[in-house]
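Observations on the model geometry
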There are 2 protein chains.
Amino acid sequence: MFFTNSFGIYGGVAGLFDYGPPGCAVKANHFVVNDDLLEVDCPCLTPEAVLRASGHVEKFTDLMVRDVKEGHCFRADHVLKDFLKDALEKDPRMPAAKRDDYTRTLASLDDFSAEELGAKIKEYGIRAPDTKNDLSDPFPFNLMFGTPIGPTGLLQGYLRPETAQGIFVNFNELLYYNGGKLPFGAAQIGQAFRNEIAPRQGLLRVREFTLAEIEFFVDPADKSHPKFASVADLEFFLYPRAEQMSLKDPVKVRLGHAVAQKVINNETLGYYIGRTYLFLTALGINKNRLRFRQHLANEMAHYAADCWDAEIECSYGWIECVGLADRSAYDLKAHSTASKSNLVASRDLPEPVVVEEFAAVPNRKEIGVAFKANQKLVLEALQELNNEEALEMQKKLESDGEAPLHICNADKTFTIKKGMVTFNKQVTKKSKEKFTPSVIEPSFGIGRIIYCLFEHCFDTRGGVDGQLNVFRFPALVAPVKCTVFPLVQNPKLDEIARAISAKLREAGIANKIDTTGRSIGRRYARTDEIGVPFAITVDSEDGVTVRDRDSKDQIRVPLEEVVDLIADMSAGKRSWKEVQGVYPAHVAAKASDESDE
Amino acid sequence: MFFTNSFGIYGGVAGLFDYGPPGCAVKANHFVVNDDLLEVDCPCLTPEAVLRASGHVEKFTDLMVRDVKEGHCFRADHVLKDFLKDALEKDPRMPAAKRDDYTRTLASLDDFSAEELGAKIKEYGIRAPDTKNDLSDPFPFNLMFGTPIGPTGLLQGYLRPETAQGIFVNFNELLYYNGGKLPFGAAQIGQAFRNEIAPRQGLLRVREFTLAEIEFFVDPADKSHPKFASVADLEFFLYPRAEQMSLKDPVKVRLGHAVAQKVINNETLGYYIGRTYLFLTALGINKNRLRFRQHLANEMAHYAADCWDAEIECSYGWIECVGLADRSAYDLKAHSTASKSNLVASRDLPEPVVVEEFAAVPNRKEIGVAFKANQKLVLEALQELNNEEALEMQKKLESDGEAPLHICNADKTFTIKKGMVTFNKQVTKKSKEKFTPSVIEPSFGIGRIIYCLFEHCFDTRGGVDGQLNVFRFPALVAPVKCTVFPLVQNPKLDEIARAISAKLREAGIANKIDTTGRSIGRRYARTDEIGVPFAITVDSEDGVTVRDRDSKDQIRVPLEEVVDLIADMSAGKRSWKEVQGVYPAHVAAKASDESDE
């Protein structure tokens, strides 16, 4: 029960999965938040204003076509792609010109507009896959789940399609919490939702999934990272834009070199690529089936400075599991404009600068008389006018004798009359300047990583009863670290086993005890199957054997040392190799293990 | 930034909150899952069938009234309650008869039907609180957020109002994972959603919240708990039904006594009440402001065997933070019926029983010929007929020569003809019997607990600059365990401080380093304010001082021992008292701390 179809007893729903006990532990315990990131936890329910500012209300869509008779819906690009692939595979004698056309269309699918997709579907005479009915023209379908908030239903809400927006809207408070200093990062782990038109591929494309996102805020003039040196010597597979365009293979490069050569745009982006590599391989992802692929120009948003995907190879091909993007100042600027809050940081100027500011000096008495209950609102708004606005108001007052003052937060407009305000030129020295930080965003699709981890850790080996399954999770991420078995059914051994299990639990080590009388080989096989790295077998009253899942080697360990030993190995502090040098091997039992299997 | 209004830069939405870095750590790290519970993680999006079976689609409603002119909505009971309270408070000279009537109405508010509430609102002439317009009759408003799933919008979904249903629908797989044995428990921590009509009281009544729910499945014939003895001697405040009805105070009782006297229905429910007491007090909840209140008969669902709420006193009064209910077999039976899956366990009979079973013996050849591709489906369905169904089919075949066979899972009906099946009386010995388990459900409202924890841990003390705030979180739950300060600005001391901070992080201990040159007293005050229990001050190259937040006492500790010491104290393995006996006091620095504050 690593994962199962959600609500299976009711027939299930496409794109919704439950994690069972072992899957859940992998997911929850082992996303390592390093680097003093500020963790936040925002609601899934998000009001429309936020997602309108971020562009999701308008642009977070897939193109859909509808079976005109049955109403079934399909992704327009999938329909076209499936048709072309199918034709290319099934018709080897296709004329060369047609084959060229199909191949070219297949390659440029991702760039097609709705009109172009529709034209191609018409041109090829593509019909609904199951019924062969006509298809509608492609139309955009927003992938967000909408739900009205509150009893009147007037406030439109959506389930968040990503967790990042919750961090952006809290930028000012996070900056304050961090003492006003850049760079810093914030992280959020939580559910995100996408109303996929046609979920496929199990855990890889789902309607609700766990995202872990980091938004790391930097000064756009200085994207260096203090810890970059710690990852600069890592070597792993990169697939830069140039290699993709010239149809070459990914290249194994030293990270420091890639950043120095500007293949990767900057140190902070490079640092997180390195950290992602370390994180994924520590989980148990095979480093030879992991690559970082740079986005091509047509995949990247216009504002992005550089984007890379960590792709992991599994039985479905190369799957995007982590996105790493330098999104420049786009998000903070978008929310600043839409919310009228200044999401900015400040930096020291190399030397102070003299600035002329044009400021409103309100006549408090006249404003009090004219606006009564609203006087405070008006006074504040006047004081917050910027240079240009103040200049404009002064002009208007001189030409018309009055000027409108719009207050966005309150959505009210007041009429200011001549005499209520005068204007003053102030000369001040400034030693700081404000700017909008850039954001570097690593975004981890936890479900996809777990799925690939399951594939990479899955292995089989021969046994007497036939093939046995083994999950080779590293000890650090294994959901259950250890099993405890009395060798034979015996109250005394049972009691010792229970005591060890209780002590392990006290030390925070997930373990399972199995006091059934089944043969020890069968019990080992069962724990291998769910990926438990260590097994303690209690065979006497003063010592136990510890078995390693991967080598099937065993050692003898004194009773009073076994809990600390398992704790150290589970935390990755000591390896099995090291430990084998300290404790004597237990050969007899190994033989029985083998023969029993 | 413990918590903040969600999407505040857009004006916020009632009932949605973000947790900032310290609040988040309290919430995430410290809900202790003990007792080998099986953790599961199900989607928030839930199809209608599940919530129809659980009763939420029909009954999870509040009664609402609408301002007939403006459309504003109010909870009907709140409108009536506010009116009565207001009248009773503001009119001391109210005639006794009227006062009696108002008081009686106030006491029975929770029992009123829609009609009764409407009648009272009319009788008292209550109008909309703000506009004084007329109010509509009360009508039910479902508190679930609805959203269609998939592109056609035909599958109705809801955001789950609790996490429990995800466990119930997985019962069979969890039972199998547990080796078919009872009792066992499953747990889920996740978001739940309720579209409250009028969210009030900050974190206490919100539209999206974190629930931690345990569903502990037991044999209804044996609700004992193997670990009950470990909590039986706890003494704390219970508020049983009898005391409430006779307007007495809560009573301090030994838990073992309460279960023995049947004040608490059974051992398993008692065990979880005890564990909840231990959990809440370990977090830092004041045991004198915590009580377990039993539900009155009118508060409890008809199927429930017993219910208790852990209530914590805070500035809003006594707040229900944990619900503990024996829900009997209700949930599993409801889902069995609706999904046609048998959610049952089996137990050994005291001795084997001989049963007569009436079984279908299909004629495989004739069925093969008649149903071709469907023959397997039909064969299986025939073999699964129970006694009654087989008897009925036999009758029908004899009278009509044919009988319908409906297969629910496939939603198909086949016509079985005479000769396709014969019936056989089989006498078998049974040593097991099936039954529907009862479920004991502890349900923790994490946001409410955190809110109360903040109140109970908040304290102030005098200082030179005026009053200072202190959060007295126990070390075990404090979001940041330790701060590291160089005593004065000095590259050598900075380097040592950085090294200590890095080692603490490696050991998994959240810490903050402060190398600003601010006075040590100010730095202590700042960490007291966010509840950091320990501060390490680096004042020389071979040793440091460690300060305890609560006593402000300091000790001198050798450099190489300080990380282990903080680790032990953070994990609750050693107390400050114990540690003071081992290391020498550091008196001079204490004086400077005091004088500086």
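Just so we're clear, the structure is a prediction, and the values are computed from it rather than from any experiment. (Residues numbered from 1 in each chain as written. Chains lettered and ligands numbered in written order. Predicted model: local features only at pLDDT ≥ 70, side-chain atom pairs only at ≥ 80, totals over all residues. Heavy atoms only, no water.)

Describing the overall build of chain A
On a plain count of helices and strands, chain A comes out with 21 helices and 28 strands. A buried classification covers 51% of the 597 residues belonging to chain A. Put simply, chain A shows about 27,900 Å² of open surface, and 49% of that area lies on carbon and sulfur atoms. Separation of charge centres in chain A, based on 74 positive and 86 negative side chains, amounts to 1 Å. (Helix = DSSP H or I, 4+ residues; strand = E, 2+ residues; numbered from the N terminus. Buried < 20%, exposed > 50% of the residue type's maximum accessible area, 1.4 Å probe, protein only. Areas by Shrake-Rupley, 256 points an atom, 1.4 Å probe, with all protein chains shown as cover. Lys, Arg positive; Asp, Glu negative; His and termini not counted. Charge placed at Lys NZ, Arg CZ, Asp CG, Glu CD.)

Quick word on the sheet that holds strand 4 (residues 45-47) of chain A
Residue and element names in this part refer to chain A. Spatially, 4-9-8 is the arrangement adopted by the 3 strands of the open sheet, whose pairing is antiparallel. Of all strands in the sheet, those with a lone pairing partner are strand 4 and strand 8 (146-149), marking the two edges. The mean inter-strand angle of the sheet, taken between neighbouring strand axes irrespective of direction, is 45 degrees. Across 4 bridges, strand 8 lies against strand 9 (residues 155-159) in antiparallel orientation. Among the inter-strand pairings, Gly-146 is bridged to a residue of strand 9, identified as Tyr-158. (Pairing = 2+ DSSP bridges. Axes fitted to C-alpha atoms, helices over the stretch in contact; angles between N-to-C directions.)

What to know about the pairing of strand 15 (residues 306-314) of chain B
Residue and element names in this part refer to chain B. Across the 9 residues of strand 15, 8 count as buried, placing the element largely inside the fold. Note that strand 14 (residues 290-294) and strand 15 share 5 bridges and pair antiparallel. Residue pairing in the sheet places Phe-292 in a bridge with Ala-310 of strand 15. The sheet contact formed by strand 15 and strand 16 (residues 317-326) spans 9 bridges and is antiparallel. Bridged to Cys-314 within strand 16 is Gly-317. The hairpin turn running from strand 15 into strand 16, its antiparallel successor, is 2 residues long.

Some remarks on the pairing of strand 8 (residues 146-149) of chain B
Judged by which residues are buried, strand 8 of chain B turns out to be one-sided: Thr-147 and Ile-149 of chain B face inward and are buried, whereas Gly-146 and Pro-148 of chain B, on the alternate face, are not. Once strand 8 of chain B ends, the chain turns through 5 residues before running back antiparallel as strand 9 (residues 155-159) of chain B, passing Gly-150 of chain B with a positive phi of about 90 degrees.

A closer look at a negative patch on the surface
Residue and element names in this part refer to chain A. Together, Glu-495, Glu-541, Asp-542, Glu-560, Glu-561 and Asp-564 line one region of the surface with negative charge. Counting through the fold element by element, Glu-560 comes out in the loop between strand 28 (554-558) and helix 19 (562-570). Residue class for Glu-560 comes out exposed when judged on its relative accessible area of 65%. (Patch = residues over 30% accessible without salt bridge, like charges linked within 9 Å, V, L, I, M, F, W, Y side chains within 5 Å. Salt bridge = Lys/Arg side-chain N within 4 Å of Asp/Glu carboxyl O.)

Some points on the packing of helix 17 (residues 491-506) of chain A against helix 19 of chain A
Residues and elements named next belong to chain A. Where helix 17 meets helix 19, the axes come as close as 10 Å, and the angle between the chain directions of the two elements is 45 degrees. Relative to helix 19, the element helix 17 lies oblique. Considering how the two elements wind past one another, helix 17 and helix 19 form a crossing that is right-handed. On the side of helix 17, the interface is formed by Ile-500, Lys-503 and Leu-504, while helix 19 contributes Val-562, Val-563 and Ile-566. A class-by-class count of the residues in the contact of helix 17 with helix 19 yields 5 nonpolar, no polar and 1 charged. (Parallel < 35°, antiparallel > 145°, perpendicular 65-115°, else oblique. Left-handed = near helix turned anticlockwise from the far one by under 90°. Contact = heavy atoms within 4.5 Å. Nonpolar A, V, L, I, M, F, W, Y, C, P; charged D, E, K, R; others polar.)

A look at the environment of Phe-209 of chain A
With respect to the element layout, Phe-209 of chain A can be found in strand 11 (residues 208-218). Considered as a pair, Phe-209 of chain A and Gln-191 of chain A are 18 residues apart in the sequence and their alpha carbons are 5.5 Å apart.

Thoughts on the domain arrangement of chain A
Domains assigned within chain A are domain 1 (1-30), domain 2 (31-61 + 145-330 + 439-444), domain 3 (68-135), domain 4 (349-435) and domain 5 (473-581). Measuring from the centre of the C-alpha atoms in domain 3 of chain A to the corresponding centre in domain 5 of chain A gives 56 Å. (Domains from an automatic or database assignment.)

Side note on the environment of Pro-362 of chain B
All names here are of chain B. Examined against the element boundaries, Pro-362 turns out to sit in strand 17 (residues 345-362). In sequence terms Pro-362 and Gly-419 are 57 residues apart; their C-alpha atoms lie 8.7 Å from each other. Discounting chain neighbours no more than four positions away, the residues touching Pro-362 are Ile-367, Leu-379, Leu-382, Gln-383, Met-420 and Val-421.

As for unusual backbone geometry
Cis geometry is adopted by the peptide bond preceding Pro-183 of chain A, which originates at Leu-182 of chain A and carries an omega value of -10 degrees. Among the secondary structure elements, Pro-183 of chain A is positioned in the loop between helix 8 (171-177) and strand 10 (184-193). Positive phi values are uncommon outside glycine, yet Lys-262 of chain B reaches one of about 65 degrees. Following the sequence through the fold, Lys-262 of chain B ends up in the loop between helix 10 (255-260) and helix 11 (267-283). At Lys-372 of chain B, a residue that is not glycine, the phi angle is positive and equals roughly 35 degrees. With respect to the helices and strands, the residue Lys-372 of chain B is situated in the loop between helix 13 (364-371) and helix 14 (375-383).

Details of the pattern of salt bridges
All names here are of chain A. With the rule as written, the count across this model stands at 52 salt bridges over all chains. With a shortest N-O distance of 3.1 Å, Asp-137 and Lys-122 are connected by a salt bridge. Taken together, the positions of Asp-137 in the loop between helix 6 (114-123) and strand 7 (139-142) and Lys-122 in helix 6 put the pair 15 residues apart, joining distant regions of the chain. Look at the salt bridges and you will find they share partners, linking Arg-291, Arg-293, Glu-299 and Glu-311 into a network.

So, the confidence of the model for chain A
All names here are of chain A. Summary statistics for chain A give a mean pLDDT of 86 and a share of 91% for residues scoring 70 or more. Contacts for the low-pLDDT stretch residues 21-33, under 50 throughout, to residues beyond four places or in other chains number 40 contacts. Note that pLDDT drops below 50 for residues 589-597; the model gives that stretch 25 contacts with residues more than four away or on any other chain. Scored as a complex, the prediction yields pTM 0.81 and ipTM 0.78. (pLDDT = per-residue confidence, 0-100.)

Comments concerning the packing of helix 13 (residues 364-371) of chain A against helix 14 (residues 375-383) of chain A
All names here are of chain A. It is at 9 Å that the axes of helix 13 and helix 14 come closest, and there the two elements cross at 135 degrees. For the element pair helix 13 / helix 14, the angle class is oblique. Seen from above, helix 13 lies across helix 14 with right-handed handedness. Along the contact surface, helix 13 presents Arg-364, Ile-367, Gly-368 and Phe-371, while helix 14 presents Gln-375, Val-378, Leu-379, Leu-382 and Gln-383. Residues belonging to the contact of helix 13 with helix 14 are distributed by class as follows: 5 nonpolar, 3 polar and 1 charged.

Remarks on the sheet that holds strand 16 of chain B
Spatial ordering of the open sheet is given by 3-10-11-21-16-15-14-12-13 (chain B), a layout of 9 strands whose pairing is mixed. Each edge of the open sheet is held by one strand with a lone partner, namely strand 3 (38-39) and strand 13 (251-254) of chain B.

Details of the packing of aromatic side chains
Residue and element names in this part refer to chain A. The final tally for this structure, using the stated rule, is 42 aromatic pairs over all chains. With centroids separated by 5.0 Å and ring planes inclined at 65 degrees, the aromatic side chains of Tyr-102 and Tyr-124 adopt a geometry described as edge-to-face. Separated by 22 residues along the polypeptide, Tyr-102 in helix 5 (residues 96-108) and Tyr-124 in the loop between helix 6 and strand 7 bring together distant segments of the chain. With relative accessibility at 6%, the residue Tyr-102 sits in the buried group. (Phe/Tyr/Trp six-rings, centres within 6.5 Å; stacked < 30°, edge-to-face > 60°.)

Describing the nonpolar core
Judged by nonpolar contacts, the single largest core of 52 residues is most densely connected at Ile-264, Ile-273, Leu-280 and Phe-292 of chain B. Counting contributing residues per domain, this core is built from domain 2 (31-61 + 145-330 + 439-444) and domain 5 (473-581) of chain B, each supplying no fewer than three. Counting 51 residues, the second-largest nonpolar core is a separate cluster that includes Leu-269, Leu-280, Cys-321 and Ile-449 of chain A. (Core = buried A, V, L, I, M, F, W, Y, C linked by side-chain atoms within 4.5 Å.)

Here's the deal with helix 17 (residues 491-506) of chain B
One turn of an α-helix holds 3.6 residues; hence residues three or four places apart share an orientation. All names here are of chain B. Helix length check: helix 17, at 16 residues, gives a terminal C-alpha distance of 23 Å against a target of 22 Å (1.5 Å per residue), a fit within 8%. By the burial criterion, the buried members of helix 17 are Leu-493, Asp-494, Ile-496, Ala-497, Ile-500, Ser-501 and Leu-504. Relative to the axis of helix 17, the buried residues are bounded by an arc of 165 degrees and lie together on one face. Across from the buried face of helix 17, at angles greater than 90 degrees, the exposed residues are Pro-491, Glu-495, Lys-503 and Glu-506. Contacts made by the buried residues of helix 17 are with strand 24 (482-486), strand 25 (511-513), strand 26 (534-538), strand 27 (543-548) and helix 19 (562-570). Its side-chain oxygen at 2.8 Å from the backbone nitrogen of Lys-492, Asn-490 defines the N-terminal cap of helix 17. Two residues or fewer past helix 17, Gly-508 is found with a positive phi of approximately 80 degrees. (Expected span 1.5 Å × (residues − 1). Arc of directions from axis to C-beta. Polar contact = N/O pair within 3.5 Å; in protein donor to acceptor, adjacent residues only side chain to side chain.)

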